[in-house]
Amino acid sequence: MNCFVTGASGFIGANLVHELELRGHNVKALLRKNSDTRGLDGSQYEYIEGDLSNRKALTTAMRGCDWCFHVAASYHLWLRDYAPMYAANVEGTRNVLHAAADAGCSRIVYTSTVGCIAVPIEQNGEVTPTNEECYAALDQMSNHYKRSKWQAEQVALDLAHRGLPIVIVNPTAPVGPRDVKPTPTGQVILDFLNRAMPAYLETGLNWVHVRDVAVGHILAVEQGRIGERYILGNTTGNLTLQEAFKILEEITGIRAPKLRVPYAVAYAAACVDEAIAKITGKAPKAPLAGVRMAKYKMYFDPAKAIAELGLPQTPPETALNDAVVWFKANGYVKG
């Protein structure tokens, strides 16, 4: 198939391009000028320079494509001005989805986030993972990034209900190779490897191999039901940060941090950090939005994607190991 991928230089996008090429598909990659394309090294693709703001140009670029994967997003937990992020995530999504339909794409996959799914409930120390049927309201979105993605998902759902061939995927916390930037989750692994994490704020994530997420996008475009959401995660990936550190300790031999920072202390420190950031204009090292998200264990149930799409289930231990290997091989680890 001829495929169009937005956000192709990002973590998920780059891995998706590699997986599409591996399966014999042709790829047009939408990239901004001066994009860091190291994650695309070794892959074959047609370079399309542009952004999400020009619907007409997007439609022209997508002519002749069978599938569109809208992976691009602006991800920031702190900005002095959030308007550009809303423009990219909400209006940009609207532009891409309309352009794909106008260009005649037979299938469209929109990459959302599990942040748009209701937060799992914890009772008596037990967390019940949530699934696609657990819808979150806008007032439950705890930061501007999540609000913008929630609004974008509503655009995708509305257009799907209007007849556009859109399938929505909600990745959990991917880790693995080609995390060039790196992502916040990748940075946690990198800080561990560089022994730059003397203490930690306990939280929980659904850790999933980025390759499974990329393959999940392809399975969604091939087999997903229009208008449906699919969590791209791992059934054994619901792990606390402490549990993930224990796995990393076993992989690397590096001692896991033992000092746990109380939530109240982290929250107070983030408030001070953000107050300073408002004065200096420099992003805080510990955004308040990140601390608030860490309060909840973000555990999810990917059973629907496994049953309907055949989503692969690479063990989280393998995902973390592959991330370690890639960071070491590409010069991210000091010493």
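Note that the structure is a prediction, hence the values are computed from the model and not measured.

> I'd like a description of the packing of aromatic side chains, backed by residues and values.
Ring pairs (aromatic) are described by centroid distance and by the angle formed between their planes. Across all of its chains, the model carries seven aromatic pairs by this definition. Measuring from ring centre to ring centre gives 6.3 Å for Trp 67 and Phe 69, while their planes differ by 90°; the resulting arrangement is edge-to-face. Judged on exposure class, the residue Trp 67 and its partner Phe 69 are both buried. Ring centres of Trp 326 and Tyr 332 lie 5.3 Å apart, and the angle between their planes is 40°; this geometry places the pair in the tilted category. Among the residues examined, Trp 326 registers a relative accessible area of 15% and is labelled buried. Assessed through its relative accessible area of 16%, Tyr 332 is described here as buried. Following the ring pairs from residue to residue traces out a cluster consisting of Phe 192, Tyr 200 and Phe 245. Sitting above the plane of the Tyr 135 ring, Arg 229 keeps its charged end 3.9 Å from the centroid. The ring of Tyr 230 carries the charged tip of Lys 304 above its face, separated from the ring centre by 4.9 Å.

> So what's going on with the nonpolar core? Which residues, and what values?
Core analysis: the biggest nonpolar cluster contains 34 residues, and Phe 4, Leu 58, Met 62, Cys 68, Cys 105, Ile 108 and Ile 166 have the highest contact counts within it. Sorting the residues of this core by element identifies α2 (55-62), α3 (83-103), β5 (107-111), α4 (144-161) and β8 (166-171) as the ones contributing at least two each. With eight residues, the single largest contributor to this core is α3. If we skip the residues at most four places from it in the chain, Phe 4 touches Lys 28, Leu 30, Leu 58, Ala 61, Met 62, Cys 65, Trp 67, Cys 68 and Phe 69. Listed in part, the 33 residues of the second largest apolar core include Ile 12, Val 109, Ala 214 and Ala 305.

> Go over the sheet that holds strand β4 (residues 67-70), please, and point to the residues and values.
Read across the open sheet, the seven strands follow the order β3-β2-β1-β4-β5-β8-β12; overall the sheet is parallel. With one partner strand each, in any of the chains shown, β3 (46-49) and β12 (229-232) form the two edges of the open sheet. Adjacent strand axes in the sheet meet at a mean angle of 20°, parallel and antiparallel pairs treated alike. With four bridges connecting them, β8 and β12 associate as parallel partners. What sits directly across from Val 169, in β12, is Tyr 230. Packed onto the sheet, α2 meets β1 (2-6), β2 (26-31), β3 and β4 and runs at close to 150° relative to β1. With respect to the sheet, α4 is in contact with β5, β8 and β12, its orientation differing from that of β8 by roughly 150°.

How each quantity is defined
Residues numbered from 1 in each chain as written. Predicted model: local features only at pLDDT ≥ 70, side-chain atom pairs only at ≥ 80, totals over all residues. Heavy atoms only, no water. Phe/Tyr/Trp six-rings, centres within 6.5 Å; stacked < 30°, edge-to-face > 60°. Buried < 20%, exposed > 50% of the residue type's maximum accessible area, 1.4 Å probe, protein only. Lys NZ or Arg CZ within 6 Å of the ring centre and 35° of its normal. Core = buried A, V, L, I, M, F, W, Y, C linked by side-chain atoms within 4.5 Å. Helix = DSSP H or I, 4+ residues; strand = E, 2+ residues; numbered from the N terminus. Contact = heavy atoms within 4.5 Å. Pairing = 2+ DSSP bridges. Axes fitted to C-alpha atoms, helices over the stretch in contact; angles between N-to-C directions.

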